[in-house]
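Descriptive structure summary
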Amino acid sequence: MLSMLGIATPNRTLPQQFTARTHWWANHSMHILVSAGLAREILFDYPSLRHLTEATYLTHPNASLVGTGEGQLFYTNAGQPTLYTYTRDKQRKMTTCKSQAPLYPMIPHAIEEALSESVPEMYPERLHESMRYSLLAGGKRIRPCLTIAACELMGGTMEIAMPTACALEMIHTMSLIHDDLPSMDNDDFRRGKPTNHVVYGEEMAILAGDALLSHAFEHIGRATPAEVPADRTLRVIVDVGKSVGSEGLVGGQVVDIMSEGADADEVTLETLKYIHAHKTGALLEVAVTSGAILAGAGEEDVERLGKYAQLIGLAFQVVDDILDCTQTSEQLGKTAGKDEAVGKATYPSLVGLEESRKIADDLITEAKEILADYDPKLAAPLLGLADYIKNRQN
């Protein structure tokens, strides 16, 4: 778990109560260690990491830490998002709030650093600035996290998975840049910022997306450590290519475009499943299976993890459909209500809001059941990401 988050533990001996079931979260100067009903907050002088102070708080004994805010810690507990608030008083108390808070995902600092290094600032400056603008604009980083988590579950390391993890985020970013273009969804905001074509123009946005797509495959081939057998790297490149093309992301996008404004009886639930499985699910699936392949997983495990990814991929899009009609543009960081405005079929439009929520819940439950045979500690990141997909608010 520590290696997945890319966190260097401080050179110090931890108290006995913190030696088992530990979960870390780091945000530059703050490290949080959680174990056995206690949370320890350790503050450092960043970037020297000089130890400043620390404090201990009571938490739920079965909670798994997934994020922190000022005076707040966010956990999963029995699959439910839970918010704890704390105060820095003499008693170091922590109180539990209603378990209604949004679940914040872990966004490892190591992934952000690797993404920045993967697309350096160079000539032609305007092109690379455009590429970096969208690639480094934030986001949930679900695909890189899935790749690393699956690799570590199968006995691999973050280091061998990171190039592919970054490549998948490049491809995802490309799809967002192109999806936002006036000829596609014509969106002006993405992740709370003006979209790429609004800032750099349509021509540069198209070329930046093209460059990210081609660079993704180069990055897998060039940056994957030599210790990974070449046949594994080649298989990942082939699988990633398939997931993006006419049998994957692009194919799903085409059917989505063709379905806009169609009569209700022309777009069935099966059509919608195809769109979601290819436009969104294919890239999520290859994120998981690539991590497993790089680690040397057997075919049975690759197939099983692929099924897990298919389920969370469909759940992701069902939740996306729900959020589009229940959240504001400010909450989403992009234009809300767009699906209904263009006559796009969604799960809520076909089966209703409550049934859509039930479908998402059932998909996540089934996905987590697939992981039941694995070591709970090693599977915890994949389980947590499944919970996050169900409970996310944007």
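Residues numbered from 1 in each chain as written. Predicted model: local features only at pLDDT ≥ 70, side-chain atom pairs only at ≥ 80, totals over all residues. Heavy atoms only, no water.

**A look at the packing of aromatic side chains**
- All chains considered together, the criterion is met by one aromatic pair.
- For the pair Y133 and Y200, a centre-to-centre distance of 5.5 Å together with 70 degrees between the ring planes defines the contact as edge-to-face. Within this pair, whereas Y133 is found in helix α3 (residues 125-135), its partner Y200 is found in helix α6 (residues 196-200), the two being separated by 67 residues in sequence. There is no split in this pair, since Y133 and Y200 are both buried.
- In this structure, R143 is placed above the aromatic ring of F316, and the distance from its NZ or CZ to the ring centre is 5.9 Å. (Phe/Tyr/Trp six-rings, centres within 6.5 Å; stacked < 30°, edge-to-face > 60°. Helix = DSSP H or I, 4+ residues; strand = E, 2+ residues; numbered from the N terminus. Buried < 20%, exposed > 50% of the residue type's maximum accessible area, 1.4 Å probe, protein only. Lys NZ or Arg CZ within 6 Å of the ring centre and 35° of its normal.)

**Considering the confidence of the model for the protein**
- Taken residue by residue, the protein gives an average pLDDT of 76. The fraction at 70 or more is 68%.
- The lowest-confidence element of the protein is helix α1 (residues 2-5), averaging 34 in pLDDT; the highest-confidence one is helix α7 (residues 202-223), averaging 98.
- Low pLDDT, under 50, characterises residues 1-107; the predicted model gives this stretch 248 contacts beyond four residues in sequence or across chains. (pLDDT = per-residue confidence, 0-100. Contact = heavy atoms within 4.5 Å.)

**Some words on the nonpolar core**
- L146, M162, L305 and Y308 are the most contacted members of the largest nonpolar core, which has 82 residues in total.
- In terms of residue count, helix α11 (residues 299-326) provides more of this core than any other element does, 13 residues in total.
- When sequence neighbours within four positions are dropped, the list of residues in contact with M162 reads A110, I111, A114 and I148. (Core = buried A, V, L, I, M, F, W, Y, C linked by side-chain atoms within 4.5 Å.)

**With respect to the pattern of salt bridges**
- For the coordinates displayed, the defined rule picks out 14 salt bridges.
- Between R141 and E112 there is a salt bridge; the shortest N-O distance is 2.9 Å. Note that R141 is positioned in the loop between α3 and α4 (142-153) and E112 in helix α2 (residues 109-118), a separation of 29 residues in sequence.
- For E112, a relative accessible area of 23% puts it in the partly exposed group.
- Note that D256 and K279 form a salt bridge whose closest N and O atoms lie 2.8 Å from each other. Taken as a pair, D256 in helix α9 (residues 249-259) and K279 in helix α10 (residues 269-294) lie far apart in primary sequence, 23 residues in all.
- With a relative accessible area of 22%, K279 lands in the partly exposed category. (Salt bridge = Lys/Arg side-chain N within 4 Å of Asp/Glu carboxyl O.)

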